[in-house]
Amino acid sequence: MSIQQQRPATSLSTLQKIRDRGEKFACLTAYDACFAGILSQAGVEVLLVGDSLGMVLQGHDSTLPVTMADMVYHTGCVKRGNEGSLLMADLPFMSYASESQTLENAAALMRAGAHIVKLEGGAWIANTTRLLTERGIPVCAHMGLTPQSVNRLGGFYVQGRDTEQAQLIIEEAQMLEQSGANLLLLECVPRSLAKTISELLSIPVIGIGAGPDTTGQIMVLHDVLGISPITPKFVKNFLLESVNGIPGAIEQYVQAVKSQTFPAKQHCFN
Ligand code: KIV
């Protein structure tokens, strides 16, 4: 067993301590056992079994077709390859529409190996967050660009650009923290908004397309390896500079997040 394999498992309290020390942590999506092993050995603190699998694995044009069966299957795969990272799993579209459905589906993800579930929304998921956390299921609330609402949002656009919308996101983020959310994820929001929220909240904030001021950074695995058909502004292909193939690219991503060289100016929305 290598030294890296012996590092203590990452828990929510590990992430909280990283935040409180003013340091950074790295997260990536993972969908199978092989990559889960590579990512966790490279020091990625959080593996997300994201419903982005609907787009990068299944070839859909949104995350809406992803089912609970898909999520349970891939969570089980990642659990078997994971070597000590915190495993987060997405509750997919319409799987948390009622209380009983939420409890049943979140429990299924936890039984499959998740340590925390992620759900998308603002004020309307406050009760759901309380329902889950009071029953021992940690929650990451996903705000900003919430891909499950792509039809209401009108596309995959940056959120919180005007003052009124930014203020609403700030207030809803605070509400979700008060409702018991353990982590907050901000997707595609201006850097200044992510910075304000990260400073106001006491829980760790994870960003994607949200600038360098959040405690954690997350990316879709296929994006950091440069194999996604589309390259959004906030994406960097770490495989291009790697001297050790895929494991080297992942190690460079982790280093870049921790040393705060990623995301750089060109990856941010202002
Ligand atoms: O599903 C996913 O991969 C995500 C990330 C984009 C944060 O939610």
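Below, the structure is looked at part by part. Nothing here was measured: the structure is a model prediction, and the numbers come from that model. (Residues numbered from 1 in each chain as written. Predicted model: local features only at pLDDT ≥ 70, side-chain atom pairs only at ≥ 80, totals over all residues. Heavy atoms only, no water.)

Some details on the pairing of strand β2 (residues 46-49)
Side chains of β2 alternate between two faces, with Val46 and Leu48 and Leu47 and Val49 buried alike. Inspection of the sheet shows strand β1 (residues 25-29) paired to β2 by 3 bridges, in the parallel sense. Along β2, the bridge assignment pairs Thr29 with Leu48. In this structure, β2 lies alongside strand β3 (residues 86-90), joined through 4 bridges in parallel fashion. By the bridge assignment for β3, Leu48 is matched with Met88. (Buried < 20%, exposed > 50% of the residue type's maximum accessible area, 1.4 Å probe, protein only. Helix = DSSP H or I, 4+ residues; strand = E, 2+ residues; numbered from the N terminus. Pairing = 2+ DSSP bridges.)

Focus: the site of the ligand
Near the ligand, the surroundings consist of Thr29, Leu48, Gly50, Asp51, Ser52, Asp90, Lys118, His142, Leu185, Glu187, Ile208 and Ile218. Within the side chain of Ser52, an N or O atom sits 2.5 Å from an oxygen atom of the ligand. The separation between an oxygen atom of the ligand and a polar side-chain atom of Asp90 is 3.1 Å. The protein chains hide 95% of the 260 Å² of surface that the ligand would expose on its own. Along the lines of polarity and charge, the residues of the shell around the ligand split into 4 nonpolar, 4 polar and 4 charged. (Near = heavy atom within 4 Å. Polar contact = N/O pair within 3.5 Å; in protein donor to acceptor, adjacent residues only side chain to side chain. Areas by Shrake-Rupley, 256 points an atom, 1.4 Å probe, with all protein chains shown as cover. Nonpolar A, V, L, I, M, F, W, Y, C, P; charged D, E, K, R; others polar.)

As for the packing of helix α2 (residues 33-41) against helix α4 (residues 68-81)
Look at α2 against α4: their axes get within 7 Å of each other, and the N-to-C directions meet at 45°. As far as their axial angle goes, α4 and α2 are oblique. The hand of the α2/α4 crossing is right-handed. Facing α2, whose interface residues are Ala33, Ala36, Gly37 and Ser40, α4 presents Cys77, Val78 and Gly81. (Axes fitted to C-alpha atoms, helices over the stretch in contact; angles between N-to-C directions. Parallel < 35°, antiparallel > 145°, perpendicular 65-115°, else oblique. Left-handed = near helix turned anticlockwise from the far one by under 90°. Contact = heavy atoms within 4.5 Å.)

What about the packing of aromatic side chains?
The description of an aromatic ring pair rests on the distance of the ring centres and on the angle between the ring planes. This structure, assessed with the given rule, holds 5 aromatic pairs. Consider the rings of Phe234 and Phe269, whose centres lie 6.3 Å apart with planes at 65°: the pair is edge-to-face. Here Phe234 is found in the loop between α10 (221-224) and α11 (245-258), whereas its partner Phe269 is found in the segment after α11, with 35 residues between them in sequence. This pair shows no difference in class: Phe234 is buried, exactly as Phe269 is. Where Phe238 meets Tyr253, the ring centres are 5.5 Å apart and the plane angle is 75°; that geometry is what we call edge-to-face. Residue Phe238 is found in the loop between α10 and α11, and its partner Tyr253 is found in helix α11; the two are separated by 15 residues along the sequence. (Phe/Tyr/Trp six-rings, centres within 6.5 Å; stacked < 30°, edge-to-face > 60°.)

Let's talk about α2
Restricting attention to buried positions, one finds in α2 the residues Phe35, Ala36, Gly37, Leu39 and Ser40. Tucked into the core, α2 has its buried residues touching β1, β2, α4, α10 and α11. Here α2 starts with a cap whose side-chain oxygen sits 3.2 Å from the backbone nitrogen of Cys34, and that cap is Asp32. Positive backbone phi, approximately 95°, marks Gly43, located one or two places after α2.

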